[in-house]
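Breakdown of the fold
Next come the chains, spelled out residue by residue.
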Amino acid sequence: MVGDWFAPLCPPDAGRNLPIPFYPSSVTELSVEPELIRWSERFAARTRSNVGAEIAQILALAARTDVISFAGGIPDPVTFPGRELAAILAELAEQADVTAFQYGPTEGLASTREWLAGRLEQLEGRRPGDGELMVTSGGIEALELLGKAFLDPGDIVAVEAPTYLGAIMSVRSFEADVAGIAVDDDGLDPAALEAELAKGLRPKFLYTIPDHQNPAGVTLSAERRTAVADLARRYGFLVVEDVAYRELTFTPDRPQAMWAAAPDVVLQIGTFSKTFMPGTRLGWAAGPAEVVAKLAWAKQLTDQCPSGLGQRLLEEYGRRGLLDEQIRNANELYGSRCAALLAALEAELGERARWTRPKGGFFSWVTLPGVDALDLAARGADAGVAVVPGSPFYADDQGGNAVRLSFSRAHEDEIAEGVRRLAALL
Ligand SMILES: Cc1ncc(COP(=O)(O)O)c(C=O)c1O
């Protein structure tokens with residue numbers, strides 16, 4: 001009997017008899033056939049929420065090259081740096097740049113943070129003070145650090161409905177839950193948030209993507225940004241502003257960053273994955289020093305420090321003005337693809353659908369009354385066009401008749417053809 005219970009705990013090379021130190025002293029040696037081990041019974045409770053399957057599906061669709069893809073929210077490789085970056089890489093290698101090759105500080109290299117602080121000051125009109133800025137290994141790591149620092153099982157995080165699927169997955173992986181707050185063409189609705197707070201919702205933090213939101217493509221208006229910050233002060237929660245797409249803008253005017261306007265209650269998290277390239281896995285977090293210090297504590301439990309080589313590359317690339325140039329060129333490309341998508345939707349779908357009109361980013365959100373989006377996505381893949389159904393972007397059962405269309409990867413002629421194929425399926 002004891003053997004049955006203990007057997008699955010054995011390591012996979014259990015053909016050898018291995019001592020298991022924490023077993024009762026009478027059971028010191030075991031032998032088990034590897035096929036009897038059921039690892040799923042040993043995984044932590046936090047793995048049991050349904051996280052991961054949807055994003056894997058989306059990435060699988062995004063990776064397909066045999067379809068016109070409106071699926072993954074990934075940058076077009078034509079925007080990636082080339083010769084200039086190779087030169088910087090060679091310089092760093094020739095100089096045997098120790099900061100690039102050695103372990104570095106958890107918060108990021110001092111010189112990279114100095115460059116980044118200057119960049120934020122130039123872009124947002126606010127320079128992070130001492131201890132208010134750290135470098136992260138991309139945007140998703142910032143979410144992981146927030147979870148480690150803030151979330152206990154049963155806690156609640158308020159999110160936009162719909163929101164970035166990775167955020168829902170991240171929160172759930174801490175055995176916490178998300179409360180969806182309605183979004184319209186001006187972004188998160190503060191009245192809906194206030195109504196939930198008045199009813200008793202007490203989120204540890206609110207996660208919002210104010211600029212060119214993923215997946216809805218909408219931008220939070222200036223008045224609403226102020227209203228949300230006021231609610232955060234009144235009810236005592238942190239606002240996490242994810243600016244993943246903020247710089248990918250097709251119009252010069254944009255509302256002030258929430259962090260710059262309300263640094264007492266807002267933590268800004270950002271990523272260079274969409275603007276520079278995902279390959280270096282770099283991002284940042286800027287906010288109240290006490291919060292940033294706790295995130296740095298959490299980072300010591302993950303990778304301990306962001307890639308030194310990546311930081312030095314990005315910093316040198318940025319200091320030479322090349323990042324700004326890359327972003328300008330990318331915005332021209334994505335801006336015309338967005339215009340092509342909106343024109344194709346108008347021409348092919350007309351009254352049959354409603355869609356958002358992004359002013360930046362990668363996405364438009366298309367609502368198709370009476371259409372089963374999961375079925376449309378499946379039939380679309382067969383017809384050579386990949387879209388992402390809306391439901392995974394919600395924590396509840398909404399989104400069944402919506403799809404997210406990403407215009408970042410498809411060429412303009414493919415966009416027109418892709419929308420034609422979708423329309424034919426409706
Ligand atoms: C809103 C948002 N935040 C964060 C990320 C993740 O960024 P990273 O690749 O830097 O982890 C994404 C990626 O799709 C995103 O859409």
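Just so you know, these numbers come straight off a predicted model, no measurement behind them. (Residues numbered from 1 in each chain as written. Predicted model: local features only at pLDDT ≥ 70, side-chain atom pairs only at ≥ 80, totals over all residues. Heavy atoms only, no water.)

What follows deals with the site of the ligand. The environment of the ligand is formed by 14 residues, the closest being G139, D242, Y245, T271 and K274. G139 has a polar backbone atom sitting 2.7 Å from an oxygen atom of the ligand. Within the backbone of I140, one N or O atom sits 3.0 Å away from an oxygen atom of the ligand. Compared with its free state, where it exposes 400 Å², the ligand has 91% of that area covered by protein. (Near = heavy atom within 4 Å. Polar contact = N/O pair within 3.5 Å; in protein donor to acceptor, adjacent residues only side chain to side chain. Areas by Shrake-Rupley, 256 points an atom, 1.4 Å probe, with all protein chains shown as cover.)

Counted at 1.5 Å a residue, the expected span for helix α15 (residues 412-425) with its 14 residues is 20 Å, and the 20 Å between its end C-alpha atoms agrees. Every buried residue belonging to α15 is among I415, G418, V419, L422, A423 and L425, and all of these are buried. Seen along its axis, α15 keeps its buried residues to an arc of 155°; they face one direction. Those residues of α15 that are exposed and aimed more than 90 degrees away from the buried face are D413 and A424. Elements that come into contact with the buried residues of α15 comprise β3 (68-69), α13 (322-348), α14 (373-382), β14 (385-386) and β16 (402-406). (Helix = DSSP H or I, 4+ residues; strand = E, 2+ residues; numbered from the N terminus. Expected span 1.5 Å × (residues − 1). Buried < 20%, exposed > 50% of the residue type's maximum accessible area, 1.4 Å probe, protein only. Arc of directions from axis to C-beta. Contact = heavy atoms within 4.5 Å.)

In this section: empty space enclosed by the protein. Under the definition given, this model contains four cavities of 30 Å³ or more. Taken together, 14 residues form the lining of the largest cavity, with V243, R246, E247, T271 and W284 sitting closest to its centre. Top contributing element to the lining of the largest cavity by residue count: helix α5 (residues 110-124), with three residues. The class makeup of the residues in the lining of the largest cavity is eight nonpolar, three polar and three charged. Counted as a void, the second largest cavity has a volume near 50 Å³. Of all the elements in the fold, those that place two or more residues in the lining of the second largest cavity are β16 and α15. Residue composition of the lining of the second largest cavity, grouped by class: 10 nonpolar, no polar and no charged. (1 Å grid on protein atoms, 1.4 Å probe; cavity = no way out; pocket = protein on both sides within 12 Å on 5 of 7 lines; lining within 4 Å. Points joined across faces, edges and corners; volume = space filled by probe spheres on them. Nonpolar A, V, L, I, M, F, W, Y, C, P; charged D, E, K, R; others polar.)

This paragraph deals with the sheet that holds β16. If you trace the four strands from one edge of the open sheet to the other, you get β12-β13-β16-β15, paired in antiparallel fashion. Because the sheet does not close on itself, it has two edges, and the strands there are β12 (354-355) and β15 (388-389). Note that β12 and strand β13 (residues 363-367) share two bridges and pair antiparallel. By the bridge assignment for β13, R354 is matched with T367. (Pairing = 2+ DSSP bridges.)

Considering the arrangement of structural elements, one finds D211 in the loop between β8 (205-208) and α9 (222-235). Of the polar contacts made by the side chain of D211, one reaches the side chain of R246; its length is 3.0 Å. Ignoring anything within four residues of it in the chain, the contact list for D211 reads V218, T219, R225, V243, Y245 and R246.

This part takes up the nonpolar core. Ranked by internal contacts, the top residues of the largest apolar core, which has 44 residues, are L206, F237, V239, F272, F276, W284 and L323. Non-local contacts of L206, meaning those with residues more than four positions away in its chain, are made with A158, V159, L188, L193, V228, F237, L238, V239 and V240. One finds Y334, C338, L342 and I415 within the second-largest nonpolar core, a separate group that totals 34 residues. (Core = buried A, V, L, I, M, F, W, Y, C linked by side-chain atoms within 4.5 Å.)

Keep in mind these values describe shape, not function.
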